[in-house]
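Coordinate inspection notes
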Amino acid sequence: PVDQTAVRLGRNRQQAVPWGPKQKMNGNIKDKNRALIRLVYEKTRSDGPQSMAPLLDSDFVARIGDSVPWGGVYTGPEHYLSTCVRQYSLYLEPTSVVYETLNCQDDEVHALVHLKMHEGDATVPFLHTWTIRGEKLIHLNSVCLQPALLSGSLLSIRRRRPKRLKLYERLMTIKRRQNI
């Protein structure tokens, strides 16, 4: 006998196809993974990128595409949150992150993300692929879909951002001193 609560109808609505426990559980895992990535973006938007630190595994690795100035591999949560975030903050506003789509496949979640540039209302699209182990993020692969948007604004950003960058570095230094 087939459990009627775990039945989906086929395309022609004449075939009933039972869902096994693995398929049901896989759906729950996908939902949890999507929820975790939504939480990452919501925390970043409300409290800044540093707020996602508890969600990163100690083995976290971020691979950022070479089409952006901060491209490279960042190993460990501290390396990613300090070096990578500081570098992309020169170009983009980290708390402006908006995600459009979240597609899930097993332990990976793919997100189309937009970050606002400091000047004007232009946003830069990225494709983020997050890999999840348990309830922690272990890998980020980030690819900029329109890197040309970043190249034209570098000179004006360098002229405008040094005071903000100095303030950020000063605050981080104070924070490190308080943690010692």
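We now turn to the structure provided with this report. (Residues numbered from 1 in each chain as written. Predicted model: local features only at pLDDT ≥ 70, side-chain atom pairs only at ≥ 80, totals over all residues. Heavy atoms only, no water.)

As a further point, take a nonpolar patch on the surface. A cluster of nonpolar side chains, contributed by Leu127, Val143 and Leu145, occupies part of the molecular surface with about 220 Å² of accessible area. The residue leucine 145 is located in the loop between β8 (136–144) and α3 (148–151) in this model. Leucine 145 sits in the partly exposed class, given a relative accessible area of 45%. (Patch = residues over 30% accessible without salt bridge, like charges linked within 9 Å, V, L, I, M, F, W, Y side chains within 5 Å. Areas by Shrake-Rupley, 256 points an atom, 1.4 Å probe, with all protein chains shown as cover. Salt bridge = Lys/Arg side-chain N within 4 Å of Asp/Glu carboxyl O. Helix = DSSP H or I, 4+ residues; strand = E, 2+ residues; numbered from the N terminus. Buried < 20%, exposed > 50% of the residue type's maximum accessible area, 1.4 Å probe, protein only.)

Counted by the stated rule, this structure contains three salt bridges. A salt bridge links aspartate 31 to arginine 34, with the nearest nitrogen and oxygen atoms 3.4 Å apart. One end of the pair is aspartate 31 and the other is arginine 34, both in helix α1 (residues 21–47) and three residues apart, which spans about a single turn. As a salt-bridge pair, aspartate 57 and arginine 133 come within 3.1 Å of each other at their nearest N and O atoms. Note that aspartate 57 is positioned in strand β3 (residues 56–64) and arginine 133 in strand β7 (residues 123–133), a separation of 76 residues in sequence. Looking at aspartate 57, the relative accessible area reads 14%, which means it is buried. Linked through salt bridges whose partners overlap, the residues forming this network are Asp57, Asp59 and Arg133.

Here the focus is the nonpolar core. Counting residues in each nonpolar core, the largest one holds 36 residues, and the members touching the most others are Trp70, Tyr80, Leu92, Trp130 and Leu137. Sequence-distant contacts of tyrosine 80, defined by excluding residues within four places in its chain, comprise Met52, Leu56, Phe60, Ala62, Tyr74, Val85 and Leu140. (Core = buried A, V, L, I, M, F, W, Y, C linked by side-chain atoms within 4.5 Å. Contact = heavy atoms within 4.5 Å.)

It is worth spelling out the packing of aromatic side chains at this point. Evaluated as defined, the whole model comprises six aromatic pairs. Aromatic side chains tyrosine 41 and tryptophan 130 sit 6.2 Å apart centroid to centroid with 75° between the ring planes, which places their arrangement in the edge-to-face category. Of this pair, tyrosine 41 sits in helix α1 while tryptophan 130 sits in strand β7, placing them 89 residues apart in sequence. Judged by its relative accessible area of 1%, tryptophan 130 falls in the buried class. (Phe/Tyr/Trp six-rings, centres within 6.5 Å; stacked < 30°, edge-to-face > 60°.)

Here the focus is the side chain of threonine 83. Relative to the helices and strands, threonine 83 is located in helix α2 (residues 77–88). When its relative accessible area of 18% is taken as the criterion, threonine 83 is described as buried. Filtering out sequence-adjacent residues up to four positions away, threonine 83 remains in contact with Tyr74 and Glu78.

Turning our attention to the pairing of strand β5 (residues 92–105). Across a regular strand the side chains alternate sides, sitting on one face of the sheet and then on the other. For β5 and strand β6 (residues 108–117), the ladder comprises nine bridges, and the chain directions are antiparallel. Looking at the pairing, leucine 92 lines up with methionine 117 of β6. (Pairing = 2+ DSSP bridges.)

Here leucine 150 lies in helix α3. Discounting residues that sit within four places of it in the chain, leucine 150 has contacts with Val68, Pro69, Trp70, Tyr91, Leu92, Val124 and Cys144.

Time to look at the sheet that holds β8. Taken in spatial order, the six strands of this open sheet run β4-β3-β8-β7-β6-β5, and their pairing is mixed. The open sheet is flanked by β4 (72–75) and β5, the only strands paired with a single partner. The mean inter-strand angle of the sheet, taken between neighbouring strand axes irrespective of direction, is 20°. Here β3 runs beside β8; their pairing, made up of five bridges, is parallel. In the strand pairing of β8, arginine 63 is matched with asparagine 141. Its contacts with the sheet place α2 against β3, β4, β5 and β8, and it is angled at close to 35° to β3. (Axes fitted to C-alpha atoms, helices over the stretch in contact; angles between N-to-C directions.)

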